[in-house]
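Fold and contact review
So you can see what is in the structure, the chains are spelled out below.
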Amino acid sequence: MGGLITMDDLTNEEIIAILDDAERLLPVAKGELYLPLLQGRILGNLFFEPSTRTRMSFETAMKRLGGDVVNLGDVKTSSVVKGETLFDTIQMVDGYTDIIAMRHPRQGAAQYAQDSARVPILNGGDGAGHHPTQTMLDLFTIRQAHGKLDGLKVVLAGDLRYGRTVHSLSHALTRFDCELVFASPELLRMPRDIVADLSAHGAKITETEDLYSMMNDADVIYMTRIQKERFSDEDEYAKVAGAYKLHSNDLNDVKADMIIMHPLPRVDEIHPSVDATRHARYFEQAFNGVVARMALLCKLLGVSVPKNVEKEGSAL
Amino acid sequence: MMSNEHSMRRVTAIRNGTVIDHIPQGHALTVLEMLGINDKTSVPVSLVMNVPSKKMGSKDIIKVEDRELTQGELDRLALVAPDAHVAIIRAYTVAEKMTINLGEEVVNVVRCTMSNCITSNPREPLPHRLKVISRFPLQLRCHYCGRTQNLVELVKNVI
Ligand SMILES: [Zn+2]
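Residues numbered from 1 in each chain as written. Chains lettered and ligands numbered in written order. Predicted model: local features only at pLDDT ≥ 70, side-chain atom pairs only at ≥ 80, totals over all residues. Heavy atoms only, no water.

1. Things to note about the overall build of chain A
Each helix and strand in chain A was counted, giving 11 helices and 11 strands. Since a compact globule built from 316 residues should have a radius of gyration of about 20 Å, the 20 Å found for chain A is in line with a globular shape. Taking the principal axes of its C-alpha atoms as reference, chain A extends roughly 55 × 50 × 35 Å. A fraction of 72% describes how many contacts in chain A between residues 6 or more apart in sequence connect residues 24 or more apart. Accessible surface, chain A as shown: approximately 13400 Å² in total, 48% of it carbon and sulfur. Charged side chains of chain A number 34 positive and 45 negative; the gap between the two group centres comes to 3 Å. (Helix = DSSP H or I, 4+ residues; strand = E, 2+ residues; numbered from the N terminus. Rg over C-alpha atoms; globule rule 2.2 N^0.38 Å. Contact = heavy atoms within 4.5 Å. Areas by Shrake-Rupley, 256 points an atom, 1.4 Å probe, with all protein chains shown as cover. Lys, Arg positive; Asp, Glu negative; His and termini not counted. Charge placed at Lys NZ, Arg CZ, Asp CG, Glu CD.)

2. Here we look at the domain arrangement of chain A
Residues and elements named next belong to chain A. Looking at chain A, the domain boundaries give domain 1 (7-131 + 289-315) and domain 2 (133-285). Spacing between the C-alpha centres of domain 1 and domain 2 amounts to 26 Å. The interface is formed by 30 residues belonging to domain 1 together with 18 residues belonging to domain 2. Surface buried jointly by domain 1 and domain 2 totals about 2100 Å² across both partners, of which 59% is contributed by carbon and sulfur atoms. Three residues, Met7, Leu19 and His131, lead the burial of domain 1 against domain 2; their summed loss comes to 32% of the area buried on that side. Our enumeration of links across domain 1 and domain 2 arrives at two salt bridges. (Domains from an automatic or database assignment. Buried area = accessible area lost by both parts, 1.4 Å probe. Salt bridge = Lys/Arg side-chain N within 4 Å of Asp/Glu carboxyl O.)

3. Examining the coordination of the zinc ion
Residues and elements named next belong to chain B. Protein ligation of the zinc ion involves Cys112 (SG), Cys117 (SG), Cys142 (SG) and Cys145 (SG), the donor distances falling in the range 2.3 to 2.4 Å. Considering all four donor atoms around the zinc ion, the spread of angles at the metal, 100 to 114 degrees, places the coordination shape in the tetrahedral class. Summarised as a motif, the one-chain spacing of the donors to the zinc ion is C-x4-C-x24-C-x2-C. Highlighted residues: cysteine 112 in the loop between β6 (105-107) and β7 (129-134) and cysteine 142 in strand β8 (residues 139-142), separated in sequence by 30 residues. (Donors = N, O, S within 2.8 Å, 3.2 Å for Na, K, Ca; no water. Tetrahedral: all angles 85-135°; square planar, octahedral: opposite > 155°, others 65-115°.)

4. Considerations on the interface of chain B and chain A
Between chain B and chain A, the contact holds 14 residues from the first and 15 residues from the second. Summed over both partners, the interface of chain B with chain A buries about 1300 Å², with 55% contributed by carbon and sulfur atoms. Of all residues in chain B, Asn116, Ile118 and Leu126 of chain B bury the most surface against chain A, accounting for 41% of the area lost on that side. The tally of links between chain B and chain A comes to one salt bridge. The residue arginine 129 of chain B makes a salt bridge to aspartate 115 of chain A at a minimum N-O spacing of 3.6 Å. The interface formed by chain B and chain A includes 11 residue pairs in polar contact (both at pLDDT 80 or more). (Polar contact = N/O pair within 3.5 Å; in protein donor to acceptor, adjacent residues only side chain to side chain.)

5. Description of the sheet that holds strand β4 (residues 85-90) of chain B
Residues and elements named next belong to chain B. Read from one edge to the other, the open sheet built from five strands follows the order β2-β3-β1-β4-β5, with strand pairing classed as antiparallel. In the strand order of this sheet, the two ends are held by β2 (45-53) and β5 (93-98), each with one partner. Neighbour-to-neighbour, the strand axes of this sheet turn through a mean angle of 25 degrees, independent of strand direction. With five bridges joining them, β4 and β5 adopt antiparallel strand pairing. Each residue of the ladder has a partner; that of alanine 87, found in β5, is lysine 97. (Pairing = 2+ DSSP bridges. Axes fitted to C-alpha atoms, helices over the stretch in contact; angles between N-to-C directions.)

Here you go:
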């Protein structure tokens, strides 16, 4: 395969195989085992807009596998500011590296880069477009908790209008026949064209403004941040934000194995009292970004992850 | 055939130029816009709308005098009227029949209408590529950003 630009570049079988690889790589991601599968390979980190979290996660993934990383550096001081085209930047980095992870403010930039490059591109977010490595780590986290993806009931809550994370995840979950509940204020509903597209692909969707009524038979509750900037009226924001806050007191009647996820950073959507409950999974989710990206780096570089990682790796 | 000949004669025969027949009814003005024919055009242009047609029920026809359409113009025409017939007229007779081709992808004919698309930077050198999702009514999807767009939006973005 070439790069990973959207989730459509992967079949369901490939997704499962990558999640299997990621699971076996967990001890390597945790630093318990050294397995230099990518020794001698170089990742180019091209972040045309700041995203410390995603960039660090790619860098950690590469280094845990014995590979090396070169960074574009601060966009403000790089040649991009001097008006260099994406095409030219890619020509240069393509010659220096074996694989490129990139984030760019413009939609379609990752596909454009892939068409300009010889090495595979890992899309780390292109404008309001796609962010498939986030979706992969979300799927990994869900499967880790439930042992499967198929047929789960997933509640996505908060800002469903602007969040590309929830758009992409909804598409992926639909491919695995999950039941979806979209809980959001009217103003931040899932875009109509996405709902229509998901329905056309056979999704079972419930839309509601009442998050709390939908929690008790959920397998996953995926919270997102509601941004103040989306509202013109301060009071309206306060009202809406208040309706999408989880407190440990709200969790008395939920399923024992229900997990709560959040792409982070959170503001007030999840009260710290939830952190200590068995349901909180957002910090593991963030950590899973490393292991999911490790598996993707291996996949795109054509390196197979050994079946028995414990045997192949060495203790640290 | 008779009705075709007949309808062609609704407009005076031209000596040299191009006849575009079988334009979907109501789309002649869009064709002119796509071809860049406007109030600054000096050659005579005649246009007939809502002509009865056996094949299409109703159709539009355009005749442009002293001008032969280029391949680039045919590619633009294909977006509005993928099944139009184009004849080049020289000395009152059909000298050439040109075929319109709307393939699976439209390359460097129109620009993506998404303002934040990577291709909106005019200095980026890769071609403008839009996949044909539907021929009529036209729907194209940008190869890069994935945005689906229709004719009304695209008319303003011809290259
Ligand atoms: Zn585009």
